[in-house]
Amino acid sequence: MLKKKLILIVVLLLLGSCTTTEPTQTAEQGIVEYGVVTFNGEECSVLGPTEVPTGDYNFVLKNLSDYNLRMGVVRLIDGKTFQDVVDFQGEPGRYTPFVPFISFPFYYTSDHKVYTYSLDKAGEHYIGVQDSKKTHLWLCAPFQVIESRSE
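Cut-off values and rules
- Within each chain, residue numbers correspond to sequence positions counted from 1 in written order.
- Per-residue local features of the predicted model are confined to residues with pLDDT of at least 70, and side-chain atom pairs are confined, for both listing and counting, to 80 or more; whole-chain, interface and lining totals are unaffected and use all residues.
- To obtain the side-chain values, all non-hydrogen atoms of the structure were used and water was disregarded.
- For the purposes of this entry, the term helix denotes a DSSP run of H or I that reaches at least four residues, the term strand denotes a run of E that reaches at least two, and both are numbered from the N terminus.
- The buried label goes to any residue with under 20% of its type's maximum accessible area, the exposed label to any with over 50%, and the partly exposed label to all in between, with areas taken from a 1.4 Å probe on protein chains only.
- This count recognises Lys and Arg as positive and Asp and Glu as negative, with His and chain-terminal groups excluded.
- The rule for a salt bridge is simple: a side-chain nitrogen of Lys or Arg has to be within 4 Å of a carboxyl oxygen of Asp or Glu.
- Two residues qualify as a contact provided that any one of their heavy atoms is within 4.5 Å of a heavy atom in the partner residue.
- Cysteine sulfur pairs qualify as disulfides if the two atoms are within 2.5 Å.
- Whenever two N or O atoms come within 3.5 Å, that pair is a polar contact, provided that in protein one can donate a hydrogen and the other can accept it, and provided that, for residues adjacent in sequence, both atoms are side-chain atoms.
- As used here, the term nonpolar core means buried Ala, Val, Leu, Ile, Met, Phe, Trp, Tyr and Cys residues forming a set that is joined through side-chain atoms within 4.5 Å.

The subject of this paragraph is the side chain of Asp131. Examined against the element boundaries, Asp131 turns out to sit in strand E11 (residues 123-131). Buried and without a salt bridge, Asp131 has Lys133 as its closest oppositely charged side chain, separated by 6.5 Å. Setting aside residues up to four positions removed in sequence, Asp131 forms contacts with Tyr67, Asn68, Leu69, His136 and Trp138.

The subject of this paragraph is the state of the cysteines. Under the criterion given, the structure shown has one disulfide. One disulfide bridge connects Cys44 with Cys140, the sulfur atoms lying 2.0 Å from each other. On the sign convention where negative means left-handed, the S-S torsion of about -115 degrees between Cys44 and Cys140 marks this disulfide as left-handed. Remark: Cys140 occurs in strand E12 (residues 136-146) and Cys44 occurs in strand E3 (residues 44-47); sequence separation between them is 96 residues.

Glancing now at the environment of Ser65. Looking at where Ser65 falls in the secondary structure, it is placed in the loop between strand E5 (55-63) and strand E6 (69-76). Residue class for Ser65 comes out buried when judged on its relative accessible area of 16%. A C-alpha to C-alpha distance of 9.8 Å links Ser65 and Glu43, two positions 22 residues apart in sequence. Discounting chain neighbours no more than four positions away, the residues touching Ser65 are Phe39, Asn40 and Gly41. A distance of 3.1 Å separates a polar atom in the side chain of Ser65 from the backbone nitrogen of Tyr67.

So, on to the nonpolar core. By size, the foremost hydrophobic cluster in this structure holds 21 residues, and its most contacted members are Phe59, Met71, Val73, Leu119, Ile127, Val129 and Phe143. When contributions to this core are tallied by element, the ones reaching two or more residues are strand E2 (31-39), E5, E6, strand E10 (114-119), E11 and E12. Those residues within four positions of Phe143 in sequence are excluded, and the remaining contacts are Tyr34, Pro49, Thr50, Val52, Phe59, Val73, Leu119, Gly123, Glu124, His125, Tyr126 and Ile127. In this structure, Val74, Phe101, Tyr126 and Leu137 belong to the second largest nonpolar core, which totals ten residues.

Take a look at the structure:
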């Protein structure tokens, strides 16, 4: 089991170094590689699609900073947009402990480098990173989740 996970991580890291912006199927059945989130200590960038169908996705975090980071994918509710979150935060990096118009999709991870999220609800989502001490938060990029063709 550990060997399978290590192989999957190596495959994901290799896939993450590609420049494609389309999600690709990984070795693990049913989980799709979304893309790579990179944080350089001041801002983050996302190499991935702006729209995906519902499903399970791997997000790879490349941390180029001295921060001990965690990444998150969040779904916006109540008709709110990514700009509403940016406005609510006020300034990049400012930690906001509670945003009343977000919901957290189910995820699982064990290494804080590859995050697997079950994006089962359509709507606007965004990616963010925060330090483990919960003193800083950076908003990376929005993307849309649409109903899959089979639904």
